[in-house]
Amino acid sequence: MRLVRVTLRHFRGVEESTVRFGDGVTVVVGPNEAGKSSVAEAVRLLRTTKSSSRSQAVRDVKPVGHDVGPEAELELRTGPYTLVYRKRWLKSPVTELDVRAPSREQVSGDEAHQRFARILAETVDVDLWEALEVVQGESLDQPDLARISALHRALDDSAGATGDHDALMAGVAEERERYLTANGRPRGDYAQADAEITDLEAQVERLRARSAEMDRYVEDYARNEQEHARLSDLSIDADGKLCRAEDAVRAVDTLRDDLRRSQEASTLAARSLAHAQRARDDRRSLVADLARRATTVDGLTARVDEVSAAHSAARAAEEEARRRAADAGERAREARRAAVAAALDVTRHRDAAERLALAQRVRRAREAGEERASARAGRDLLRVDDDVLARLNDRATEVQVAEGARDAAAARLEVRRLGDHRVTAAGDDVGSAPYESAVLDDVTVAVEGVVEVVVRPGTPPADLDRRVGQARDAFDVALREAGVGSLTEARTAHERRRQAESRLLAAEGTLGDVLDGTTLEDLEVRLVTLERRRADVVAVDTDARDGDAPAADLGALEDAAESPRLAADAADAEATTARDDHDGAREALAAAGERAVRVRQELESALHEHERETARLAEARAQDSDEDLDAAVVAAAETHDAAVSAAERSRAAFEAASPETLAMELANARELVESVDRELTRSDQRRVELQTLLDDRAAEGIHDRLVEAEAALDVARATYGRLHRAAQAADLLSSTLLRHRDEAQRHYVAPFKERIDRLGKVVFGPDFEVAISTDLAIETRTLGGRTVPFSSLSGGAREQLAVLGRLACAQLVDTEEGAPVILDDTLGFSDPERLERLAVVLNDVGRTAQVVLLTCQPRRFESVGGARTERLVAS
């Protein structure tokens, strides 16, 4: 349900006033006795009291000194209905209901009152409406939420049993309802007595203050000037808040981009690791297969191995010594170049792995694209798909069926040879097996030298011939459309098309895996960028070599650059020793070579078969060595672990930034800037209004009315005392019975607690928590590790928690069943910091529920970003 507007005429001290409400937060601002509380009171009277009633509650709203009837008009939307409801009491009573949607309907009198009640019963929970309203002076009290059926439905689809004492409960509830509403507020005569006292007290105060009305307008004018200055300062502060909120959101966007990139890198690293592991496992399988084959060669090569082992060892020793000597010399040269090449090596090793991976992906993507184009071209040339082949089979079957029907209707000819004479039928010799055929054309049967018989067919049924012709024509047309000459050729073309489609699917799958959401052009652009960067590095250092992967980290390169002289001296000494070792190994190799020559001829015949078996492995190792494959797995695993760690760090940083809270603060800051601008404009308008009132307002004498009001107040207080004692007794009995029903409501607590915790963390901080009783009331609050009962909290904390309970209820209830949250002069005990945070919560709740704030202190809610402000002027 959404309130649209309330119009009051001759209602208490209000001559005429209209308040319009937004769908979100509406702040109704006005000085004392300007009619703020009358707005909520008028809505209650419209709902509960007939226009013909002359109850005390109705008489209380009659303007003093005017012979007119109080009048209220309410426009609202509830469920599918949009309507305007108007009543005038006491003087010429009127009740009018104008339903504007979903269909037009106009009703008046008691029928309008009843129709309005039925619409409310159909579309809104009245108990919820009452619970979400805070009457002036009751802001510290928590609402009675346990009796709200709409909240029950929102918290749990199934309601608990009510026990076997429904009649007793109903009787007690009926007696209590004579005096009190569901949330403990007075009603009926009790409420009228309370309202009469309040109204008479207010009248006395108004009459006493009437003589000072001109001074108040002067003070209002001065306050408006101060408010205008304050709003100007607030506008500057709001702009600063908006800038800070936007900077924070941009920082969160950067963290979100870092998280996405790290997750993409982790996925790519996982795929690289899986690919490297598959390559390594395939190589190990190939080596194992070769080892099994090599066992057959071992027996033949035993003698050769003895000689070859020494020669191989000598050769290996010589090669190792030569390699060590070369490496030592190269290390000495590298040490002298290390300082200059350190910076270039860092960049080169960082880009090498990415460049190699990109080059491989580009190559595979191009190959897959070419294969896809080839397969698509081959498929498109072959028109015989499953449907075409099925159609050809159907047409061929139709031809066979038509010919079979025609042959079955034709005459049959059977010729048997009985003697030795040569017998022919249709030019074919008739042997031991008889000749059988359907007579469709002339058939000549001849016995050589004896007789010749011509058998002519009769006239077959025309429809059978026509069916055969039609079937053959249809079959020929189908063959031509398929581009084939026969059914066999069609089946061959169909199989070739299926093979082409399989190739196409495989190529598209490979291309999708390689591109992984990007395009070949993007990969090629990135690869060209890396190649150009490598070219720039080589241009700076012509001795720079391009490695396949980073060989050292930046710290190692920097250490090498800091001590080139010491590394060169150590490398020279190592080179001298290595050259000496190489000379000795070379002499040993020469001696082993002489021994190996004598047995080489015996080796060749034995190794011929082994070499042929090892060719496959040698070809594979020519591409990648076993060590390279193992190293690739290790490197890929390290890269994958690093990528996963980086992704986890990025996720932790992103979640720690609390993006949801920042987004709420940014939305509130933006709407605050707009709200302050609107308030400045309204402040200017108020200045003009106050100046006009100061010019027009005159003093008024009120002594006689004050004496009458004080006498009536004494009588009202005596009546109220009697009704108050009866109401307290009924309430005590009802609360005693309801305590025993609380156990059935425990399953409602958890969702309600979760919503209050969520809203409360914005107001009190991240360590905020509450405990909820079975009747959905806040029992304790925990903050900073300290748990305090609700009743022991300060007035400000209790007021804030009571408001949070109503706001949580408004958010939980389905918006189709919801009612407006009406807060009359609340949060007066809250400090500025808590009000600032409560403004964020009110703005968030206002996105899904209607909130009406009635206050004489506009500063309390000036930070509610999306609030609409309505100002009332004292009459």
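A brief report on the enclosed structure follows. (Residues numbered from 1 in each chain as written. Predicted model: local features only at pLDDT ≥ 70, side-chain atom pairs only at ≥ 80, totals over all residues. Heavy atoms only, no water.)

1. Overview of unusual backbone geometry
The step from Ala-101 to Pro-102 runs through a cis peptide bond, and the omega angle for that step is 10°. Inspection of the secondary structure assignment puts Pro-102 in the loop between β6 (94-101) and β7 (105-108). Although it is not a glycine, His-10 sits at a positive phi angle of roughly 50°. By the secondary structure assignment, His-10 is in strand β1 (residues 2-11). Positive phi, close to 55°, is recorded for Arg-12, a residue that is not glycine. Mapped onto the elements, Arg-12 comes out in the loop between β1 and β2 (14-20). The exposure class assigned to Arg-12 is buried, which follows from its relative accessible area of 13%. (Helix = DSSP H or I, 4+ residues; strand = E, 2+ residues; numbered from the N terminus. Buried < 20%, exposed > 50% of the residue type's maximum accessible area, 1.4 Å probe, protein only.)

2. Focus on the packing of aromatic side chains
Inspection of the entire model under this criterion finds two aromatic pairs. Geometrically, the ring pair formed by Tyr-85 and Phe-116 is stacked, given 4.0 Å between the ring centres and 10° between the ring planes. Linking Tyr-85 in strand β5 (residues 81-88) with Phe-116 in helix α3 (residues 109-123), this pair joins segments that are 31 residues apart in sequence. Under the relative-accessibility criterion, Tyr-85 is labelled buried at 0%. Classification of Phe-116 by relative accessible area gives buried; the value is 2%. An angle of 10° between the planes, with centres 4.9 Å apart, marks the rings of Phe-764 and Phe-768 as stacked. Grouping residues by exposure puts Phe-764 and Phe-768 together as buried. A cation sits over an aromatic face here: Arg-47 above Trp-129, 5.2 Å from the ring centre. (Phe/Tyr/Trp six-rings, centres within 6.5 Å; stacked < 30°, edge-to-face > 60°. Lys NZ or Arg CZ within 6 Å of the ring centre and 35° of its normal.)

3. Looking at the pairing of strand β3 (residues 25-29)
In terms of burial, β3 is a largely internal element, five of the five residues being buried. Of the two faces of β3, both are covered, the one formed by Val-25, Val-27 and Val-29 as well as the one formed by Thr-26 and Val-28. Across four bridges, β3 lies against strand β20 (residues 868-871) in parallel orientation. Counted as the bridge partner of Val-29 is Arg-871 from β20. (Pairing = 2+ DSSP bridges.)

4. Here we look at the environment of Leu-838
Within the element layout of this structure, Leu-838 appears in helix α20 (residues 832-845). When near neighbours in sequence (up to four residues on either side) are disregarded, Leu-838 contacts Val-763, Gln-800, Leu-804, Leu-827 and Ser-830. (Contact = heavy atoms within 4.5 Å.)

5. Some words on helix α15 (residues 626-656)
End to end, α15 covers 45 Å across 31 residues, agreeing with the expected 45 Å (1.5 Å per residue, within 8%). Residues of α15 that are buried include every one of Asp-626, Leu-629, Val-633, Ala-636, His-640, Ala-643, Ala-647, Ser-650 and Phe-654, and no others. Just beyond α15, the residue with positive phi is Ser-658, at close to 55°. (Expected span 1.5 Å × (residues − 1).)

6. Things to note about the sheet that holds β1
A sheet is described by the order of its strands in space; here six strands give the open sequence β2-β1-β4-β5-β6-β7, paired in antiparallel fashion. Edge strands, defined here as strands with exactly one partner in the open sheet, are β2 and β7. This sheet shows a mean twist of 10° between the axes of neighbouring strands, independent of strand direction. Here eight bridges tie strand β4 (residues 71-78) to β5, and the two strands are oriented antiparallel to one another. Among the inter-strand pairings, Ala-72 is bridged to a residue of β5, identified as Lys-87. Packing against the sheet, helix α1 (residues 36-48) makes contact with β1, β2, β4 and β5, and its axis sits at approximately 100° to β1. Contacts between α3 and the sheet are confined to β4, β5, β6 and β7, with β5 contributing the most and set at about 140° to the helix. (Axes fitted to C-alpha atoms, helices over the stretch in contact; angles between N-to-C directions.)

7. A few points about the nonpolar core
It is characteristic of soluble globular proteins that their nonpolar side chains tend to be buried jointly. In terms of nonpolar packing, the biggest core is built from 95 residues, with Leu-83, Leu-97, Leu-151, Phe-752, Leu-801 and Leu-807 touching the most fellow members. The element that contributes the greatest number of residues to this core is helix α19 (residues 795-812), accounting for nine residues. In this structure Phe-752 touches Leu-145, Leu-155, Ile-772, Leu-776, Gly-805, Ala-808, Cys-809 and Leu-812, once residues within four positions along its chain are discounted. Judged by nonpolar contacts, the second largest core, of 18 residues, contains Val-399, Val-468, Phe-475 and Ala-493. (Core = buried A, V, L, I, M, F, W, Y, C linked by side-chain atoms within 4.5 Å.)

8. Notes on the packing of helix α18 (residues 749-764) against α19
Close contact between α18 and α19 brings their axes to 9 Å; oriented N to C, the two are set at 125°. Between α18 and α19, the crossing angle belongs to the class labelled oblique. As for how α18 packs across α19, the hand of that crossing is right-handed. Between α18 and α19, the residues in contact are Pro-751, Phe-752, Arg-755, Ile-756, Arg-758, Leu-759, Gly-760, Val-763 and Phe-764 and Gln-800, Leu-801, Leu-804, Gly-805, Leu-807, Ala-808, Cys-809, Gln-811 and Leu-812, respectively. When grouped by side-chain class, the residues that make up the contact of α18 with α19 number 12 nonpolar, four polar and two charged. (Parallel < 35°, antiparallel > 145°, perpendicular 65-115°, else oblique. Left-handed = near helix turned anticlockwise from the far one by under 90°. Nonpolar A, V, L, I, M, F, W, Y, C, P; charged D, E, K, R; others polar.)

9. Some remarks on the sheet that holds strand β17 (residues 786-789)
Pairing is antiparallel in the open sheet, where three strands are placed in the order β15-β16-β17. Of all the strands in the sheet, the pair left with one neighbour each is β15 (769-772) and β17. Taken over all neighbouring pairs, the strand axes of this sheet differ in orientation by 25° on average, direction set aside. Strand direction decides the pairing type here: strand β16 (residues 778-783) and β17, joined by four bridges, are antiparallel. Within the sheet, the bridge partner assigned to Thr-780 lies in β17 and is Pro-789. The sheet strands contacting α18 are β15 and β16, and the helix crosses β15 at an angle near 150°.

10. What about the pattern of salt bridges?
Throughout the structure, instances matching the rule amount to 44 salt bridges. Taking the shortest distance from any N to any O, the salt bridge between Arg-47 and Glu-130 comes out at 3.5 Å. Of this pair, Arg-47 sits in helix α1 while Glu-130 is found in helix α4 (residues 126-131), placing the two residues 83 residues apart along the sequence. Side by side, Arg-47 and Glu-130 carry an identical accessibility label, which is buried. We note a salt bridge from Arg-223 to Asp-220, for which the minimum N-O separation is 1.9 Å. Highlighted residues: Arg-223 and Asp-220, both in helix α8 (residues 213-381), separated by three residues, approximately one helical turn. For Arg-223, a relative accessible area of 42% translates into the label partly exposed. (Salt bridge = Lys/Arg side-chain N within 4 Å of Asp/Glu carboxyl O.)

11. A look at the environment of Leu-511
With respect to the helices and strands, the residue Leu-511 is situated in helix α11 (residues 487-515). Residue classification places Leu-511 among the buried positions, given a relative accessible area of 11%. Considering only alpha carbons, one finds Leu-511 and Arg-364, 147 residues apart in sequence, at a separation of 7.7 Å. When near neighbours in sequence (up to four residues on either side) are disregarded, Leu-511 contacts Ala-365, Ala-368, Gly-369 and Arg-372.

12. Comments concerning the side chain of Thr-123
Residue placement: Thr-123 occurs in helix α3. Among the polar contacts listed, one links the side chain of Thr-123 to the side chain of Thr-78, at a separation of 2.5 Å. Once you skip the residues sitting within four places of it in the chain, Thr-123 turns out to touch Thr-78, Gly-79, Pro-80, Tyr-81, Glu-816 and Glu-817. (Polar contact = N/O pair within 3.5 Å; in protein donor to acceptor, adjacent residues only side chain to side chain.)

13. Thoughts on a nonpolar patch on the surface
Residues Val-450, Val-451 and Val-453 make up a contiguous nonpolar surface patch of roughly 240 Å² in combined accessible area. Take Val-451: it is sitting in strand β14 (residues 451-455). (Patch = residues over 30% accessible without salt bridge, like charges linked within 9 Å, V, L, I, M, F, W, Y side chains within 5 Å. Areas by Shrake-Rupley, 256 points an atom, 1.4 Å probe, with all protein chains shown as cover.)

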